[in-house]
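A closer look at the structure
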Amino acid sequence: MSNDRIIMRVGEALVAGGPPGTAAEPEVAIGEMNGPMGTAFANLLGDQVKGHTRVLAIMNTDIMVRPATLMVSKVTVKDPRYTNILMGTVQGAIANGVLDAVRSGYIPKEKANDLGIIVSVWLSPAILEQEKIDHKALFDIHREATFKAIQKALRNEPSIDWLLENQEKIVHKYYQMGLDNKI
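Structural notes, computed from the coordinates. The shown structure was predicted, so the numbers you read here are calculated from the model rather than taken from an experiment. (Residues numbered from 1 in each chain as written. Predicted model: local features only at pLDDT ≥ 70, side-chain atom pairs only at ≥ 80, totals over all residues. Heavy atoms only, no water.)

1. Describing the packing of aromatic side chains
When we look at a pair of aromatic rings, we describe it by the centre distance and by the angle of the planes. What the rule picks out here adds up to one aromatic pair. Between Y106 and F147, the ring centres sit 5.9 Å apart and the planes meet at 75 degrees, which makes this aromatic pair edge-to-face. In this pair, Y106 sits in the loop between helix 2 (80–103) and strand 7 (115–121) while F147 sits in helix 3 (residues 135–154), placing the two residues 41 residues apart along the sequence. Each member of the pair, Y106 together with F147, is buried. (Phe/Tyr/Trp six-rings, centres within 6.5 Å; stacked < 30°, edge-to-face > 60°. Helix = DSSP H or I, 4+ residues; strand = E, 2+ residues; numbered from the N terminus. Buried < 20%, exposed > 50% of the residue type's maximum accessible area, 1.4 Å probe, protein only.)

2. Details of helix 1 (residues 36–46)
Looking at helix 1, one finds that the buried residues are M37, G38 and F41. Buried residues along helix 1 cover an arc of 100 degrees about the axis, so they all sit on one side. (Arc of directions from axis to C-beta.)

3. Observations concerning the sheet that holds strand 6 (residues 68–73)
Strand order in this open sheet of five strands is 1-2-7-6-3, and the pairing throughout is mixed. A single partner strand is all that each edge strand has here, and the edge strands are strand 1 (9–12) and strand 3 (54–56). Along the sheet, successive strands turn relative to each other by an average axial angle of 20 degrees, direction set aside. Alignment of strand 2 (residues 27–32) against strand 7, held across six bridges, turns out to be antiparallel. By the bridge assignment for strand 7, V28 is matched with V119. Running over the sheet, helix 1 touches strand 2, strand 3, strand 6 and strand 7 and is turned about 50 degrees from strand 7. (Pairing = 2+ DSSP bridges. Axes fitted to C-alpha atoms, helices over the stretch in contact; angles between N-to-C directions. Contact = heavy atoms within 4.5 Å.)

Next up, the structure:
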């Protein structure tokens, strides 16, 4: 990654395979705060919506991560237990995934105060069905997924060439399930 200006990049990732309810599928936007990313970031932070509260990713209370990272839940949050999991284990995992992207060099350290990241977070509501949650697995999966989504955004992956080459080979998982009469 060069030190060129990062106007706005977008990426996503899926990390699954852990205990039930722990899969992560974040979507991220990352860019310079003195451009469209800053406008989007400020608008989301200032325009709170019940059930989809936007919060900064933090390492712990009173320790926000850099680059500044805003979490937005894809799931309508109604349950206090879900809130505590999302705004605890998952929030800390996202913050650590951001720092992993800095440590690895995908996010240039010298840009840590100039970039903003918006993470659209998916925490499966099925997590509430688990009597005992493996918080370590949940943390590790969301951390890895955040890192991968940022990495893919900054590498522009998948590339348009790869997509064009593989377009006819890729079948959306839920489309295939529909074709197979499984949904």
